[in-house]
Amino acid sequence: MKIQNSNFPYPPTLLTFPTLLTPMTPAHSPTPSNTWADRLAPRLWLGPVTLLGPAGVWLLVLLVLPTLLILEISLVPGLRLGQPSGGYGLGNYLQILQPVYLRVIWRSLVFAVGSTALCLLMGFPVAYWLALMSPQRWRNLLLVAFILPLWTSSLLRAYAWTTILRPSGVLNGMLTAIGLPAQNWLNTPTAVFIGLTYSFLPYMVLILYASLEKLDIRLLEAAADLGATPRQCFWKITVPQTLPGIAAASLLVFISTLSDFVVPTLLGGASSMNISRLIYNQFLGPTRAWGFGSALSMVLILAVSLAIALLIRYGDRNTVTEA
Amino acid sequence: MPSRPVTWPSLFTALMYAFMYFPIIVLGAYSFSDSRYSASWGGFSLRWYRALFSDRRLLAALQDSLIIAIVAVAISAVLGTLMAIGLARYRFPGKGLYRGMSYLPLIIPDIAIAVATLVFLASVAVPLSLGTIIAAHMVFCLAYIAVVVSSRIQRLDPNLEEAALDLGATHTQAMFKVLLPQLAPGILAGCLLAFVLSMDDLLISSFTAGGGANPLPIEIFSRVRTGVKPDINALSVMLILGSALLAGIAEYVRYWGDRQRQST
């Protein structure tokens, strides 16, 4: 993830530590410039202000500033749309501590941890098979085939599960056909776990694959030569060697599932209110409690930042960016 | 590795492939079923496809989504690429902060971005419209494009552009004839990713749409919330075919990029 300047076009000697206000002087312009574009090029086209300015301003105005704004209004207790507000205070954050909202946060965590664990359990064998056991010739194609569903709308993939899990859906048709009792999973947490696992399994496989692909096969061969059983090889070499990849993939899936909105809404019904749905309701629902919704958003951002900090500390970031 | 008989990882993997494709196959099958209640097969029919193509509202929503995605991605392609080049080329005070900011859209959950954008737009009293959705989508589009282009820059041969300058190319020539052609596969891959994310976005659109625009995910969401809609099955099949095409293009771009890198 680190981009060293020495990696890119100019050797360090040419780097003159330009600030945003002083464009780098062209070290390499011995040729006479003919057109106006060439004459302006070093200063305007390629200057740091042109390169970094537009995107920077955009992110600053439409992301950083708005985030600071919701931090501010989260500190105005009881702020509602169209109502005069009082002074600053921690009322909105204290409101989160009410049992009814703590249950929502707890439920979000259970959804996230549970579906991350399921993704890991189901994804690891797939990534292992793809990276180490699949026919070399088809390996890339097989990997692409597994993550292909990511290219389709997440909304429609969740909707597909509603047609499967409905009481009169495909699943129950199959279950009754083989003589098993019908299940009523739609609008229960079970459906949320299925939907979240389905949605994020390809990410898990992709990152684990990138990690397993780098595994040094010679280590496994050496261990086998020295008499280790396949089970010992797996637990003493494969798993420890890919632990950073496992950590990165798990934290990424955890972050995504923690804040997912579509799956709990479409598959979980009223019983599966999670933090994203709660925030959504504060703004687009009937309550219009913007202050409280902003406080919830700040808590969510904080939780995700913590997970990212763990990722940077323990995870293999290169695996993520490569994937 | 010797070819062994069927092992449990390969069996399990086959099962997982079935798991990934089962819902898609179910949608596809029922889109051709004549029955309104998709529990039972009602015989082969194209009626849902006919219904789909005569559904003005849905087609208008698709049009809105395409406009948003294409405009947002086109502008972001320029801004994101410039940002990636700038980050690779310059050192300046606060660069760490700038880079951190460029990762924010990838890190902050969609719902929080959506909320923040809505509050911001309300506070500066900008009326919500197609334009506000595009502006909001550009935030994550340019961040994703910049990340993909950055990883491409990292793997470039650093000497080529310098060689061009040594051989008398102007900075403009070096940029357009040496750097950009090498970055093209990365830019295109980033654009495809951003396009798919923009077409798929529900939350940020919902919070920045107002009454003026109605992109496809919002329309689909409001329909499927209230139960199964057979014409949505048909729409899913069309969209899945579209995404398969995009994925195919993306894979080709990656192959092209790898080959280009090997040949340089």
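Residues numbered from 1 in each chain as written. Chains lettered and ligands numbered in written order. Predicted model: local features only at pLDDT ≥ 70, side-chain atom pairs only at ≥ 80, totals over all residues.

A. Region of the structure containing the overall build of chain B. Counting its secondary structure elements, chain B contains 11 helices and zero strands. Principal axes of the C-alpha set define a box for chain B whose edges measure 70 × 65 × 30 Å. Within the span of chain B, comprising 264 residues, buried residues form 47% of the whole. Contacts spanning at least 24 positions in sequence make up 80% of the contacts within chain B whose residues lie at least 6 apart. (Helix = DSSP H or I, 4+ residues; strand = E, 2+ residues; numbered from the N terminus. Buried ≥ 20, exposed ≤ 12 C-beta atoms within 10 Å, placed from the backbone. Contact = placed C-beta atoms within 7 Å.)

B. Molecular detail of the overall build of chain A. Along its length, chain A carries 14 helices and zero strands. Beginning at the N terminus, the succession of helices and strands in chain A can be written as α-α-α-α-α-α-α-α-α-α-α-α-α-α. Summarising the internal contacts of chain A: among those between residues at least 6 apart in sequence, 71% fall at separations of at least 24.

C. Seen up close, the packing of helix α10 (residues 230-258) of chain A against helix α13 (residues 290-314) of chain A. All names here are of chain A. The N-to-C vectors of α10 and α13 enclose an angle of 170°; their axes lie 9 Å apart at closest approach. Classified by the angle between their axes, α10 and α13 sit roughly antiparallel to one another. For the pair α10 and α13, the contacting residues are P244, A247, A248, L251, F254, I255 and L258 in the first and A303, V304, A307, L310, L311 and Y314 in the second. Class assignment of the residues belonging to the contact of α10 with α13 gives a composition of 13 nonpolar, no polar and no charged. (Axes fitted to C-alpha atoms, helices over the stretch in contact; angles between N-to-C directions. Parallel < 35°, antiparallel > 145°, perpendicular 65-115°, else oblique. Nonpolar A, V, L, I, M, F, W, Y, C, P; charged D, E, K, R; others polar.)

D. Region of the structure containing the domain arrangement of chain A. All names here are of chain A. When the domains of chain A are assigned, the result is domain 1 (5-76) and domain 2 (92-322). If you look at the interface, domain 1 gives five residues, while domain 2 gives seven residues. Residues belonging to the side of domain 1 that touches domain 2 are distributed by class as follows: four nonpolar, one polar and no charged. (Domains from an automatic or database assignment.)

E. Molecular detail of the interface of chain B and chain A. In this assembly, 85 residues from chain B lie in contact with 85 residues from chain A. No other element matches helix α1 (residues 8-31) of chain B, which puts 12 residues into the side of chain B that touches chain A. Residues belonging to the side of chain B that touches chain A are distributed by class as follows: 60 nonpolar, 18 polar and seven charged.

F. Focus on the nonpolar core. Counting residues in each nonpolar core, the largest one holds 164 residues, and the members touching the most others are B:V115, B:V139 and B:L142. Take this core: its biggest share by element is 17 residues, from helix α6 (residues 130-154) of chain B. Split by domain, the residues of this core number at least three in each of domain 1 (5-76) and domain 2 (92-322) of chain A. Those residues in contact with B:L142 that lie beyond four places of it in its chain are A:A55, A:W58, B:S76, B:L79, B:G80 and B:M83. (Core = buried A, V, L, I, M, F, W, Y, C linked by C-beta atoms within 7 Å.)

G. Molecular detail of the environment of A:E72. Along the polypeptide, A:E72 turns up in helix α2 (residues 48-73). When the C-alpha positions of A:E72 and A:S294 are compared, they lie 8.6 Å apart, and in sequence the two are 222 residues distant.

H. Quick peek at α10(A). Helix length check: α10(A), at 29 residues, gives a terminal C-alpha distance of 36 Å against a target of 42 Å (1.5 Å per residue), a shortfall beyond 12%. Along its length, α10(A) reaches its greatest deviation from straightness, about 55°, at A:L243, and the proline A:P244 lies no more than four positions downstream. (Expected span 1.5 Å × (residues − 1). Bend = angle between axes of the 7 residues up to and from the residue.)

I. Structural view of helix α12 (residues 275-284) of chain A. Among the 10 residues in α12(A), eight count as buried, and that is most of the element. Looking only at α12(A), the buried set comprises A:I275, A:S276, A:R277, A:L278, A:I279, A:Y280, A:Q282 and A:F283. Against α4 (99-133), α11 (262-268) and α13 of chain A together with α5 (110-123) and α9 (203-208) of chain B lie the buried residues of α12(A).

J. Region of the structure containing the confidence of the model for chain A. Residues with a pLDDT of 70 or more make up 80% of chain A, whose mean pLDDT is 78. Between residues 1-34 of chain A, whose pLDDT stays under 50, and residues either more than four places distant or in other chains, the model counts 56 contacts. (pLDDT = per-residue confidence, 0-100.)

K. Summary view of the confidence of the model for chain B. Taken over all residues, the pLDDT of chain B has a mean of 83, while the share at 70 or more is 92%. Across the interfaces of the predicted complex, the ipTM metric reaches 0.84, alongside a pTM of 0.82.

L. Quick peek at unusual backbone geometry. Phi at A:N187 takes a positive value of approximately 65°, unusual for a residue other than glycine. Of note, A:N187 is situated in the loop between α7 (170-177) and α8 (189-213).

M. Local environment of the environment of B:L235. In this fold, B:L235 is placed in helix α11 (residues 230-263). A sequence separation of 208 residues divides B:L235 from B:L27, and the C-alpha atoms of the two residues are 9.7 Å apart.

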